Amino acid sequence: MSGRRSGCADTGQAAVLALGVVAVAAAGVVGTGVLGGVANDAARARTAADAAALAGVMGGRSGAASLAAANGGVLIRLVERRIGSTNEVVVTVRVGSAESTARATSAS
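Residues numbered from 1 in each chain as written. Predicted model: local features only at pLDDT ≥ 70, side-chain atom pairs only at ≥ 80, totals over all residues. Heavy atoms only, no water.

A. Molecular detail of the pairing of strand β2 (residues 86-95). When you tally the buried positions in β2, you get 7 out of 10 residues, the bulk of the element. As defined by bridge partners, strand β1 (residues 74-83) adjoins β2 across 9 bridges and the pair is classed as antiparallel. When the sheet's bridge partners are listed, Arg77 is paired in β2 with Thr92. A loop of 2 residues connects β1 with β2, the two strands running antiparallel in sequence, and Gly84 in this loop sits at a positive phi of about 65°. In this sheet, strand β3 (residues 98-107) lies alongside β2 in antiparallel orientation, the contact comprising 10 bridges. Residue pairing in the sheet places Val89 in a bridge with Ala104 of β3. (Buried < 20%, exposed > 50% of the residue type's maximum accessible area, 1.4 Å probe, protein only. Helix = DSSP H or I, 4+ residues; strand = E, 2+ residues; numbered from the N terminus. Pairing = 2+ DSSP bridges.)

B. Representation of the pattern of salt bridges. By the definition in use, this model includes 3 salt bridges. Between Arg103 and Glu88 there is a salt bridge; the shortest N-O distance is 2.8 Å. Of this pair, Arg103 sits in strand β3 while Glu88 is found in strand β2, placing the two residues 15 residues apart along the sequence. Judged by its relative accessible area of 56%, Arg103 falls in the exposed class. The class for Glu88 is buried, based on a relative accessible area of 6%. A salt bridge links Arg94 to Glu99, with the shortest nitrogen-to-oxygen separation between them at 2.5 Å. One salt-bridge network, held together by shared partners, links Arg81, Glu88 and Arg103. (Salt bridge = Lys/Arg side-chain N within 4 Å of Asp/Glu carboxyl O.)

C. Quick peek at the environment of Asn87. By the element assignment, Asn87 lies in strand β2. Put simply, Asn87 and Met58 are 29 residues apart on the chain and 9.3 Å apart in space, counted from C-alpha to C-alpha. A polar side-chain atom of Asn87 sits 2.5 Å from a polar atom in the side chain of Arg82. (Polar contact = N/O pair within 3.5 Å; in protein donor to acceptor, adjacent residues only side chain to side chain.)

D. Seen up close, the nonpolar core. Ala52, Ala64, Leu75, Leu78, Val91 and Val93 are the most contacted members of the largest nonpolar core, which has 17 residues in total. Discounting chain neighbours no more than four positions away, the residues touching Val93 are Ala45, Ala48, Ala49, Ala52, Ala68, Gly73, Val74, Leu75, Ile76, Ala98, Glu99 and Ser100. (Core = buried A, V, L, I, M, F, W, Y, C linked by side-chain atoms within 4.5 Å. Contact = heavy atoms within 4.5 Å.)

E. Layout of the side chain of Thr92. Structurally, Thr92 can be placed in strand β2. Of note is the side chain of Thr92, whose polar atom sits 3.1 Å from the side chain of Thr101. Here Thr92 is in contact with Val74, Leu75, Ile76, Arg77, Glu99, Ser100 and Thr101, once residues within four sequence places are set aside.

F. The sheet that holds β3, seen in detail. One open sheet holds the 3 strands; their spatial order is β1-β2-β3, and the pairing between them is antiparallel. Strands at the two margins of the open sheet, each flanked by one partner only, are β1 and β3. Strand-to-strand twist of the sheet, defined as the mean angle between neighbouring strand axes without regard to direction, takes the value 15°. (Axes fitted to C-alpha atoms, helices over the stretch in contact; angles between N-to-C directions.)

Next comes the structure, spelled out in structure tokens:
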């Protein structure tokens, strides 16, 4: 007797298990890449917004848009206010899928 039972259907189970493990690992790698890209966009958006706000205080909308673009972003909104002798600029910049808002002031 060979030790095998007639009609046993467990051949190939290791291949199915290995395929499942590979699929889960691939999904994890893709998910990590997506999250890393979102985090990178958010960090770049913060940097671009800070630079655009500072440029906006000194150079207005064109300065803010230029610095946002130089940092890989797009100027979405700029609000300028004068409070007493202080100029205030609030900008919103988009980089990829992330947006960030920054504020800068300058005393005149």
